[in-house]
Structures are given as structure tokens and as C-alpha cells.
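Residue-level structure breakdown
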Amino acid sequence: MLSMELFRNEAGKIRADHDKRGIPHDKIDQVIDLDKQWRTALKEMEESRRERNIAAREIADAKKSGDKERSDRILAQVKDLGDRISSLDEKADQLLAQRDSLRMRIPNLLHESVPVGEDEAGNTQHSLHGEKPNFDFEPRTHNELIEMNKWVDLERAAKIAGSRFFFLKGDLARLEMALQTYSVDFLLARGFTFVQPPVMMNRQAYEGVTDLSDFETVMYGITPDPLYMIATSEHPLTAMYMDEVIEPSQLPIKMVGVSPCFRREVGAHGLSDRGIWRVHQFTKIEQIVISHPDDSWGHHEELLQNCVDLWDELGLHYEVVNICTGDMGTVAARKYDLEAWLPGANAFKEIVSCSNCTDYQANRLRMRYRTSGGNAAVHTLNSTAVATSRALVAIMEQNQTEDGRVKVPDCLVSFMGGKTHLEPCNW
RNA sequence: GCGGAGAUCGCAUAGCCUGGUAUUGCGGUGGACUUGAAAUCCACUGUCCCUCGGACACGGGAGUUCGAAUCUCUCUCUCCGCGCCA
């Protein structure tokens, strides 16, 4: 959510940003208009309250001095004031709620470097890493590999849970665990603190971190309790400091979170989504930084560098992409994606997303830090380290051998009990 | 799940019974004093509208009242005891 100061004093900035994104200005104008109406209504209501307070004080005085006649007289004068106040109050509340529900739907201001483009075709390459693997045989898709090695059981998962769930078996399951441990250790060495979050959140906290439309398309609601399954540990870890004032000496707060992530994936279908690439539940290791506003762009580069170093060490071929205006979404001001090369698909596909959300989430969550001039919003950043299901796909496809086995990345061998290749599961 | 006690400004704390301007300490910021610092002293230190100023804020919501931190109802959370349990 953008701060109200921006709408009042620098609406031109928001309009220019909307132009870049190619969206109309009508919501901006409505917010500004509703704000004016709200302030007028607020003043009117406060004036009535002031009258009431004065009267209440006079009654207290009169009673203290035993002047019953005077207190009765004032009492009669303000008899109907209560009703007037509550109706004015209700009007002001309504205007404020309207203003902010619109304001919640206005996206964050973009960083000036974000490339302009209509959709993902407008994304630009930031850098290219590793070597494209050269096979002297026809490489298999990850779907073929998991089937021939019996590493994933989709049918039985569908039987007991539904489509897009999976059982992970044998050496591939062990590799998944190795990825978790490796990634957490990697980030611990860079000053992050390991945090395991709750995997359900209440509505109020959740509205602070995400696009409102996600409630319809992404998150699972829990019946009968008013909770939502988290779509990523970004959400609980970012909302962790909701409604708090943080001492500046505590910043930056750097966390590495691991959690299962739950996504409804409404509307997703098609051949490319078979297997474990797009699923309802996966595990993700996430980097979170809660930062002083002056430092957030530096931290954004740091998060990207962590990803690059981590994925370089895995020995995979991938590219870093600058997300363009049309592909950005509501919350981030700037976003990098890592896209891994999938020989089976003959394409780069998204494995990591690295965002600076500036003060957008912090404004909604009322997460502030103390300054000499008052309290100001912090900045929040998040980046995937590893989403294990997708990392497994990339490793399987890039590290496959002609006989259909898969070479374990060197940095993971020690987490696999010294095993250098994944063996098939025998049932 | 049952019974009891609680939630007050960044932290701590008084006020609640008996309704009438939110107390004090710590921490923080600015200033005075100082060669500098410590100590001491003064001011400021929740949010909103903002112009002097005003309104709001005592976990959330509702009610009673001219007036609610204070009384009533309700919800949430925390702590203690009991029960259940990986």
C-alpha cells in the first residue's frame, strides 16, 4: 500500500508509474477524492466531539461545585449530541474504508530501472550463468526420469489428495532434504538466521503481505477456522513484525525460512504443468530481509548475489531476468527471476524470484522503525533460495546420464552420505 | 475442553474496587553545562486532521452514560492449575 502522503503531495509520481505499467489513473483520482471527503467528514465529526467534551467538563465542574441547576441545563443542551456524533462517525469510517480498499489495489511504485514491457516477453536478460549441458544422447524430460526411476508417485497422491500432489520417494526424496540442508547452511554462513514459521495465518496479517486477489486464486482457506495456508514462508516471516516499532539498531533483520508452501493454482493446466513442476504443495527455502529504507536496494543486490552463488555451486545453467513493468505484479518495486535451463523443454523456466517490496508491505502491516523525527516504515525484501521441487527438476534434467540416472551436484554429495548418483527406487 | 488471573505509549509501571484531562521510571531525540565525556538539569518522545488548535488512543468490537482505562456484554491472545495429547 502506498503512503497517503504520496497521493496528497506527489500524485504525479503515481500517475507516471501507472503510465509505465499501462493502467488507467481512475483509481488514483478516486483515492484522492475520497481522502478529501473523509477529511471534511472527520473535521465535522471532531468538532461535534469537541462540543461534547467541553460540555462534559462543564458538567463535571458544576457537579463539583454543587450547582445542580447548571449541570441539568447543560445536560439538556447536549442530549442529542451522541446520536449526531455516531452518525458522523459512521460516515467518516465508511469514507476511510472506501479510500483504503481502493488504495490496497493500487500497485507499488516501480524502480526507475524496471524495463517497460506489456508482458513476460518484455523481460530482459540480466546475466547468464553456467554452461549449457551438451548431451551425446537424446535427453529425457523430468517426467520420463521420475517415471522410469519410480521417484515420484503422482497417481497414488491423486487418489488420496487430488491432482498436483505427489509422493517423493527414495533417492530423490533424500536429495530434496539435502537441498534444504545445503541451502540453510549456505545462508547461515552469510549471516542469516534460520526461522521456521507457522504455515497458517489469519486474514488480517495475510492482507498485509499479498495482493488481495490471491485470496481467490492462490491461498487455501481452512474451514471452519478463519485461517489460510501460507503460499510461501515470505508471508509469515514478513508479517512477523506486524504492528511493531523496531529499534534501528536491530536492522537489518535477515532470515532464512523453510516451509511447505500451499497453492491452489486455480486456472493452471496443460502439458507443461505435468509432473512436479507446478504443484499444490512444495518446500521452499526463502531469504527475507527487513531493512532500513536507505539500504534496501543494496540488500536486493545482495539477495540476488546469494542466489547466484548458491546456484553456481549447484553447477546448473540458468539466466537472471529483469522483470518488466507488465509482468511485475502488485507488491514488488523491482524483481529478478532466475530461470533454469530445462533441456527437456528446450527453454529457461522460473526457479527463483527475488523482490524488493520497499515500504509497500510495511505500510499495510504498520511495521516501522524509530527515527529522531518519528516512526517510519521499514522496507521488506524476499527472495527464493531454492524451491525444492523445481530445483529437483532442473537437476534431473541437466545432470541426467544416458542410462537415465542422475548425477548428484558435488556440493550435495556430503549431504547424501557420499552418494554421487541417484539410484532408481525399486517399488 | 474446564477453572482462575491478566493485556495500559518502544520497554516497564500507576490508575480500575468508588466513572470526570493517562501516572511515573527506563530507553530515545534535541538543548544547557563541559576542552571532550560522564553526571546533572530542561524540553520533546503513540496515531490522525492539522493553523493556533482539536480529535482519537489503555488487546479488538459492541453497550450503558452528558462523560468509560474504570461499569456491562462479546471476541482474541497471554499466564497459572486440571484434562487430553505427538
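Residues numbered from 1 in each chain as written. Chains lettered and ligands numbered in written order. Predicted model: local features only at pLDDT ≥ 70, side-chain atom pairs only at ≥ 80, totals over all residues. Heavy atoms only, no water.

**Section: the sheet that holds strand E5 (residues 200-202)**
Here we have three strands laid out as an open sheet, ordered E5-E7-E6, and antiparallel in their pairing. Two strands in the sheet have a free side with no partner beyond their single neighbour: E5 and strand E6 (221-222). Here E5 runs beside strand E7 (residues 227-229); their pairing, made up of three bridges, is antiparallel. For Met 201, the partnering residue across the bridge sits in E7 and is Tyr 228. (Pairing = 2+ DSSP bridges. Helix = DSSP H or I, 4+ residues; strand = E, 2+ residues; numbered from the N terminus.)

**Some points on the domain arrangement of chain A**
Along its sequence, chain A is organised into domain 1 (4-103) and domain 2 (120-422). For domain 1 and domain 2, the distance between their C-alpha centroids amounts to 44 Å. (Domains from an automatic or database assignment.)

**Structural notes on the sheet that holds strand E8 (residues 245-246)**
With mixed pairing, the three strands of this open sheet are ordered in space as E8-E14-E15. Each edge of the open sheet is held by one strand with a lone partner, namely E8 and strand E15 (374-377).

**A look at the packing of helix H8 (residues 170-188) against helix H14 (residues 388-398)**
Viewed as axis vectors pointing N to C, H8 and H14 meet at an angle of 115°, and their least axial separation amounts to 10 Å. For the pair H8 and H14, the sense of crossing is right-handed. Listed contacts from H14 to Leu 172, Leu 175, Glu 176, Leu 179 and Gln 180 of H8 are Thr 388, Ala 391, Leu 392, Ile 395 and Met 396. Looking at the contact of H8 with H14, its residues break down into seven nonpolar, two polar and one charged. (Axes fitted to C-alpha atoms, helices over the stretch in contact; angles between N-to-C directions. Left-handed = near helix turned anticlockwise from the far one by under 90°. Contact = heavy atoms within 4.5 Å. Nonpolar A, V, L, I, M, F, W, Y, C, P; charged D, E, K, R; others polar.)

**Considering the environment of Ile 146**
Its location among the elements puts Ile 146 in helix H6 (residues 142-148). Separated by 278 residues in sequence, Ile 146 and Pro 424 place their C-alpha atoms 8.9 Å apart. Excluding anything up to four places from it in sequence, Ile 146 contacts Trp 151, Val 152, Leu 172, Gly 275 and Met 396.

**Overview of the side chain of His 111**
In this fold, His 111 is placed in the loop between helix H5 (81-103) and strand E1 (124-129). At 2.8 Å, the side chain of His 111 forms a polar contact with the side chain of Ser 113. Among all residues touching His 111, those that are not within four sequence positions of it are Lys 20, Trp 297, Ala 333 and Arg 334. (Polar contact = N/O pair within 3.5 Å; in protein donor to acceptor, adjacent residues only side chain to side chain.)

**Focus on the nonpolar core**
If you look at the biggest cluster of nonpolar residues, it comprises 57 residues, and the most contacted ones within it are Leu 172, Leu 175, Trp 311, Leu 314, Leu 338, Met 396 and Leu 412. Considering each element in turn, this core owes the most residues, eight residues, to H8. When neighbours within four sequence positions are excluded, Leu 314 is seen to be in contact with Leu 179, Tyr 182, Pro 409, Cys 411 and Leu 412. One finds Met 1, Tyr 228, Leu 251 and Met 255 within the second-largest nonpolar core, a separate group that totals 29 residues. (Core = buried A, V, L, I, M, F, W, Y, C linked by side-chain atoms within 4.5 Å. Buried < 20%, exposed > 50% of the residue type's maximum accessible area, 1.4 Å probe, protein only.)

**A short note on the environment of Val 184**
Along the polypeptide, Val 184 turns up in helix H8. Linking Val 184 and Val 258, residues 74 residues apart in sequence, is a C-alpha distance of 8.1 Å. Not counting residues within four places of it along the chain, the set of residues in contact with Val 184 comprises Phe 194, Val 256, Val 258 and Ile 285.

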